[in-house]
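Structural characterization, general
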Amino acid sequence: MSTLPLVLNAFAEEQAALELPVQSVPAAALPVPNPTKSFWIDTPGANPLAKEGSEGALTHDADICIVGSGITGVSAAYHISRLLSEQGEDGAGAKGLKITILEARDFCSGATGRNGGHLTPAFFQGVVGYSALYGTDEAVRAIALEQHTASEIVKLVKDTGAEAAVDLVEGGHTTLLFTEPEVVASKADYAAAQAAGINVSDVKFLTKEEVKETYGAEYPGIHTPGHNLWPLKLVTHLYNLTKQTLGPDLTLHTNTPVTSIAAISASADSSATTASRRWNLTTPRGPIACSYVLHATNAYASHLLPHMHGPSGIIPTRGQIIALRSAAPLAEITKSSWDGNEGFEYWFPRPLAGEETEPLVILGGGRESTRPKFELYTVDDASVNPVVGETLRKFLPAAFPGKYEPGREPEMEWTGIMGYTKTRDPFVGPVIDPAKPDAYKGQYIAAGFTGHGMPRTYGCAEAVAGMIVADIAGKEFTVPDWLPRHHLTKNRLNE
Ligand SMILES: Cc1cc2nc3c(=O)[nH]c(=O)nc-3n(C[C@H](O)[C@H](O)[C@H](O)COP(=O)(O)OP(=O)(O)OC[C@H]3O[C@@H](n4cnc5c(N)ncnc54)[C@H](O)[C@@H]3O)c2cc1C
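The name recorded for the chain in an unreviewed UniProt entry is FAD dependent oxidoreductase, from Lentinus tigrinus ALCF2SS1-6.

Some remarks on the overall build of the chain
The secondary structure content of the chain amounts to 13 helices and 18 strands. Relative to the 2.2 N^0.38 estimate, which gives 23 Å for 495 residues, the radius of gyration of the chain is 22 Å and therefore close to what a compact globule would have. Relative to its full complement of 495 residues, the chain shows a buried share of 57%. A total of about 19,400 Å² of accessible surface is found on the chain, and carbon and sulfur atoms cover 54% of it. The chain carries 39 positive and 55 negative side-chain charges, and their two centres are separated by 2 Å.

Structural notes on the environment of G340
Tracing the chain through its elements places G340 in strand β13 (residues 337–340). Among the residues examined, G340 registers a relative accessible area of 0% and is labelled buried. In this structure the C-alpha to C-alpha distance between G340 and L176, which are 164 residues apart in sequence, comes to 4.7 Å.

With respect to the site of the ligand
Around the ligand there are 39 residues in total, and T72, E103, T112, G116 and M454 lie nearest to it. Here a nitrogen atom of the ligand sits 2.9 Å away from a polar atom, N or O, in the main chain of A104. Taking N115, its side chain carries an N or O atom lying 2.9 Å from an oxygen atom of the ligand. Protein burial of the ligand: of its 1,000 Å² of free accessible surface, 98% is covered by the chains. A total of three residues in the shell around the ligand trace back to one element, the largest contributor, which is strand β16 (residues 412–420).

Focus on unusual backbone geometry
Here the residue pair R371 and P372 is connected by a cis peptide bond, since its omega of 15° sits within 30 degrees of zero. Along the chain, the position of P372 falls in the loop between β15 (360–364) and α12 (386–399). Positive phi outside glycine occurs at F374, with the angle close to 55°.

Some details on the nonpolar core
Judged by nonpolar contacts, the single largest core of 67 residues is most densely connected at I64, I66, I101, F107, L234, Y239 and I362. The leading source of residues in this core is helix α13 (residues 457–473), at nine residues. Non-local contacts of L234, meaning those with residues more than four positions away in its chain, are made with I71, I153, V157, V166, L229 and M454. Counting 25 residues, the second-largest nonpolar core is a separate cluster that includes Y215, A217, L396 and A398.

Some words on the pairing of strand β4 (residues 173–176)
Burial along β4 is two-sided: H173 and T175 and T174 and L176, pointing in opposite directions, are all buried. Both β4 and strand β6 (residues 221–224) contribute to a ladder of four bridges, which runs antiparallel. The partner of T175 across the bridge, within β6, is I222. In the sheet, β4 pairs with β13 via four bridges, with the strands oriented parallel.

A short note on the packing of aromatic side chains
What the rule picks out here adds up to 20 aromatic pairs. Between W338 and W347, the aromatic rings sit 5.7 Å apart at their centres with planes inclined by 5°, giving stacked as the arrangement. Given the relative accessible area of 2%, W338 is considered buried. Here W347 falls in the buried class, since its relative accessible area comes to 1%.

Focus on the environment of E152
Within the secondary structure, E152 sits in helix α5 (residues 136–159). Sequence spacing of E152 and Y458 is 306 residues, and the spatial spacing of their C-alpha atoms is 8.5 Å.

So, the side chain of D63
Tracing the backbone shows D63 in strand β1 (residues 61–67). By relative accessible area, which is 15% here, D63 ends up buried. Of the polar contacts made by the side chain of D63, one reaches the side chain of R277; its length is 3.1 Å.

A closer look at helix α3 (residues 71–87)
End to end, α3 covers 24 Å across 17 residues, agreeing with the expected 24 Å (1.5 Å per residue, within 8%). Of all 17 residues that make up α3, 14 are buried, and the element is covered over most of its length.

Some details on the packing of α5 against α13
Running from N to C, α5 and α13 point in directions that differ by 95°, and their axes come no closer than 7 Å. With respect to each other, α5 and α13 are oriented roughly perpendicular. Packed against α5, whose contacting residues are L145, H148, T149, E152, I153 and L156, the element α13 presents T457, Y458, G459, C460 and E462 at the interface. Here the contact of α5 with α13 is built from residues that sort into five nonpolar, four polar and two charged.

Topic: α5
An α-helical turn contains 3.6 residues, so a residue and the one three or four places further along point in the same direction. The end-to-end C-alpha separation of α5 is 34 Å, in line with the 34 Å expected for 24 residues at 1.5 Å each. Residue G161 follows α5 closely and has a positive phi angle near 60°.

Description of the sheet that holds β13
Within a beta sheet, neighbouring strands are joined by backbone hydrogen bonds and run either parallel or antiparallel to one another. In spatial order, the strands read β5-β6-β4-β13-β14-β15-β12-β16; together these eight strands make up an open sheet with mixed pairing. Each having just a single partner strand, β5 (204–206) and β16 make up the two edges of the open sheet. With direction set aside, neighbouring strand axes in the sheet form an average angle of 20°. When strand β12 (residues 315–325) meets β16, the two strands line up antiparallel, connected through nine bridges. Directly across from T317, in β16, lies its bridge partner M418. Against the sheet, helix α7 (residues 208–215) engages β4, β5, β6 and β13, with an angle of about 90° to β5.

Things to note about the packing of helix α4 (residues 127–134) against helix α6 (residues 180–195)
Helix-helix packing: each pair is described by the crossing angle between the helix axes and the interaxial distance. Remark: α4 packs on α6, axes separated minimally by 7 Å, with the N-to-C direction vectors making an angle of 60°. In terms of axis orientation, α4 runs oblique to α6. Only A188, D189, A192 and A193 of α6 make contact with α4, whose side of the interface consists of V127, V128 and G129. Considering only residue class, the contact of α4 with α6 consists of five nonpolar, one polar and one charged.

Reading guide: rules and limits
- Residues numbered from 1 in each chain as written.
- Predicted model: local features only at pLDDT ≥ 70, side-chain atom pairs only at ≥ 80, totals over all residues.
- Heavy atoms only, no water.
- Helix = DSSP H or I, 4+ residues; strand = E, 2+ residues; numbered from the N terminus.
- Rg over C-alpha atoms; globule rule 2.2 N^0.38 Å.
- Buried < 20%, exposed > 50% of the residue type's maximum accessible area, 1.4 Å probe, protein only.
- Areas by Shrake-Rupley, 256 points an atom, 1.4 Å probe, with all protein chains shown as cover.
- Lys, Arg positive; Asp, Glu negative; His and termini not counted.
- Charge placed at Lys NZ, Arg CZ, Asp CG, Glu CD.
- Near = heavy atom within 4 Å.
- Polar contact = N/O pair within 3.5 Å; in protein donor to acceptor, adjacent residues only side chain to side chain.
- Core = buried A, V, L, I, M, F, W, Y, C linked by side-chain atoms within 4.5 Å.
- Contact = heavy atoms within 4.5 Å.
- Pairing = 2+ DSSP bridges.
- Phe/Tyr/Trp six-rings, centres within 6.5 Å; stacked < 30°, edge-to-face > 60°.
- Expected span 1.5 Å × (residues − 1).
- Axes fitted to C-alpha atoms, helices over the stretch in contact; angles between N-to-C directions.
- Parallel < 35°, antiparallel > 145°, perpendicular 65-115°, else oblique.
- Nonpolar A, V, L, I, M, F, W, Y, C, P; charged D, E, K, R; others polar.

Here it is, written out as C-alpha cells:
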C-alpha cells in the first residue's frame, strides 16, 4: 500500500480552529475581482447569464432583493415564484411581486460556480455527534434535510427533462476510510442512525478487498446512492424556470455588489415609492429600495452583517480544486463520486466529452496541509495555495496506484470561498443581531453551508422563501419537519 500524501485525522484540529476567537481579522470583504478560472464557469458557453443586467438601467424598486446569485439565492427566487403561483389569485396581494437578484461578480461565480460538483446527501454520517449536541430528533432532521434537498433537486431536474442540460450522473458515492478511527466512527454513526429509525438500507460497508477489486484502492469504504452534476448549469436552469414564471417581475443584475443596506425613514425628500419600502441597498450603480432582503451571500455574509463576523457567525474559508486527467478509462475509474480523510478530499470523474477516453477528474481538498490555519478567514479566490496544490497533485496517484500518472499536471486549478460555521450548520431565517434584536426587520438569511451546500442549500432556500412569502401574506410559517430547528436563526443567539 502506498503512503498517502495527506495529513490524516485533522478534523478535530480544524474544529478547534473554527472555534478560536478572532481579534485582528477583519469582517469578510466583498468578492475579489478576477477570480481563478473554474472548469464550471470558464468552459466556453457554460455561463450564458454571466453578465446579465450588468449594464443599462438598474432596477430601483423591488419587493424582495436577493443578494447573491449562487444556488441559495436563485433557489430562493425559484421557491418564492413557485409558492406565489401556488397561492393563486387570492394570494393576499402576493401576485405581481417584484424580485431582484443582485450579484457582485458574474452570475453564480461564488462557491456554487467553483465547487466539487457533488450532490451527496448524508444517510447516517454525523448522527452520533449531532445527537450528543442537539438530541436525536435533530440528528434525524439533519439527515432528512439532506435527503429532502437532494431528492427534490433530482426530481426537479428529471421532471423538467434537464438531465443532459445539467450533466446529471447517478453514479453513487463512495467514502474511503483511511484510518481505524474513521472505521469506528462510521460504524457508530450507522448504528446510531439505525437506532433512531433512519432508513439506512441503501448504505453498504465495503471491505478493503471489495474496494480494491472494484475501484483499485486498498482501503475499506462505504457506498451510498448519490449524484454529481454541473452546479452552474443547475442554477442557470433554476433561474430560467423562475423567469418563465415571473417574467419581467424577476430582474438580475450581475457585477452589481451591494455595499451597504440602510433603513428607509419616511422623510420629506423620499419619493412615494421609496417611502413605502423598508430598506435601501447601496450599489456602485445606484440605490435600490425594497421591503425584504435575503442575504444569500454565504461566505461573504459578514460584509453586510458585521455581527456575523467570527466564530459565532460565518467564517470565509478557501477551498481548492484541480481537474486532473486520469490514466485509466472511465470503466476502471467508475462513475462514483468519492470522499475520504474525514471529507477533506472529494473527487469524481466528469462524463466523457467528445473524443475523450480517460475522464477528467475534479478533485478538491488539501486544506488540512495548511493546518493550523486550514485556509480560514480568506476571501481571496484570485489565487491558489501551492501547498494545497501539491497535496492534491500527489493524492490520486497514491490512493489509486496505476490509475493516475504520478507527476501529471492538472488541466485546471482554481479556488472558491466556502462559508464555515463552528457548528457546521447554516443560519436560516430572519436576521437577528442579539445586540439589536429589532434592527433587521424584513431581512432574512440562508448562509453558512460549511463546504457541504449542494444537499442543503436548495432545501434551506425553500424554508426561507416560505418564511418571506408567509410574512408577506400575514400568515404564520410552519417549519417543515425536515428542517433542523438548530438551523433557525432564532435558536442560534447564544453561539
Ligand atoms: C472549492 C469548493 C468545493 C466545494 N465542494 C462541494 C461539493 O462537492 N459538494 C457540496 O455539497 N458542496 C461543496 N461546496 C460548498 C458549496 O459549493 C456551497 O455550500 C454552496 O455553493 C453555497 O451556495 P450559496 O449560493 O449559498 O453561496 P455562493 O455560491 O458563494 O453564492 C453567494 C454569492 O453571493 C455573491 N455576493 C457576496 N456578497 C455580495 C454582495 N455584497 N453583493 C452582491 N453579491 C454578493 C457572491 O459573489 C456569490 O456569487 C464547495 C465549495 C467550494 C468553494
